[in-house]
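# Structural overview
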Amino acid sequence: MSARPKLPSLAEVIALAEQTRLDVSVVDLARMHKHSEMSAEVVDALWPDASPRVKAIYQGLTRYNDTACKKCGSTLRMVGNGRCWACHKVSTAKWRMLNLTKSTRDFAKWQAKNREYRNTYNRALRTRKQEQAA
Ligand SMILES: [Zn+2]
């Protein structure tokens, strides 16, 4: 996957908006550009031929819909690398299970065994924090 494309400069965006006779004020364009979150309408009007991923980047999104995944058929992909979001979640969960250290494993077991104690403890902690904040 190619490097993450950058949103063109504000001057380029304004020039492009003038060319395409886009009915959005320069102030609105500048505001959207400042936050790197162009609206979907602006992106579709200014870059009609951009790929779904590039359009998502210009909109400031982290995930977008594109062609279905070969493995699972999901269309939701990550903007960062274009990979399938569902497969990513599965593989990271698998990696985590395979790479548990003894201490994390022991702690997870302890947590499962002592759920009632943890609930009571956390409730008391929450109350104490609320009292401190007040
Ligand atoms: Zn997938």
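Residues numbered from 1 in each chain as written. Predicted model: local features only at pLDDT ≥ 70, side-chain atom pairs only at ≥ 80, totals over all residues.

Here we take up the overall build of the protein. In terms of regular secondary structure, the protein is built from seven helices and two strands. Listing each helix as α and each strand as β along the protein from the N terminus yields α-α-α-α-β-β-α-α-α. Dimensions of the protein, computed from the C-alpha atoms along their principal axes, are close to 65 × 50 × 20 Å. Residues classed as buried in the protein amount to 12% of the 134 residues present. In the protein, once contacts between residues fewer than 6 apart in sequence are set aside, the share between residues at least 24 apart is 21%. (Helix = DSSP H or I, 4+ residues; strand = E, 2+ residues; numbered from the N terminus. Buried ≥ 20, exposed ≤ 12 C-beta atoms within 10 Å, placed from the backbone. Contact = placed C-beta atoms within 7 Å.)

Val-13, Leu-29, Met-32, Met-38, Val-42, Val-43, Leu-46, Ala-56, Ile-57, Tyr-58 and Tyr-64 form the largest nonpolar core, which has eleven residues in total. Residue assignment for this core shows that the elements contributing at least two residues are α2 (26–34), α3 (40–46) and α4 (52–58). Leave out the neighbours within four places in its chain, and Tyr-64 touches Pro-52, Arg-53, Ala-56, Arg-77 and Val-79. (Core = buried A, V, L, I, M, F, W, Y, C linked by C-beta atoms within 7 Å.)

Side chains that are three or four residues apart share a direction in an α-helix, a result of its 3.6 residues per turn. Turning to α2, its buried residues are Leu-29, Met-32 and His-33. Buried residues of α2, viewed axially, fall in a sector of 100 degrees; they line one side. Of the residues in α2, the exposed ones pointing more than 90 degrees away from the buried face are Val-27, Ala-30, Arg-31 and Lys-34. With its phi angle positive at about 55 degrees, Ser-36 sits one or two positions after the end of α2. (Arc of directions from axis to C-beta.)

Let's shift gears to the domain arrangement of the protein. Domain boundaries in the protein define domain 1 (1–61), domain 2 (64–97) and domain 3 (100–133). Measuring from the centre of the C-alpha atoms in domain 2 to the corresponding centre in domain 3 gives 32 Å. (Domains from an automatic or database assignment.)

This part covers the environment of Pro-52. Position of Pro-52 among the secondary structure elements: in helix α4. Here Pro-52 falls in the partly exposed class, since 15 other C-beta atoms lie within 10 Å of it. For the pair formed by Pro-52 and Met-32, sequence separation is 20 residues and the distance between their alpha carbons is 19 Å. Setting aside residues up to four positions removed in sequence, Pro-52 forms contacts with Tyr-64, Asn-65 and Asp-66.

The next subject is helix α1 (residues 10–19). α1 sits mainly on the outside: one of its ten residues count as buried. Arg-21 occupies a position one or two residues after α1 and carries a positive phi of about 50 degrees.

What follows deals with the environment of Gly-80. Position of Gly-80 relative to the elements: it lies in the loop between β2 (76–78) and α5 (85–98). Under the C-beta neighbour-count criterion, Gly-80 is labelled partly exposed, with 13 such atoms within 10 Å. C-alpha of Gly-80 to C-alpha of Leu-100: the two residues are 20 residues apart in sequence and 26 Å apart in space.

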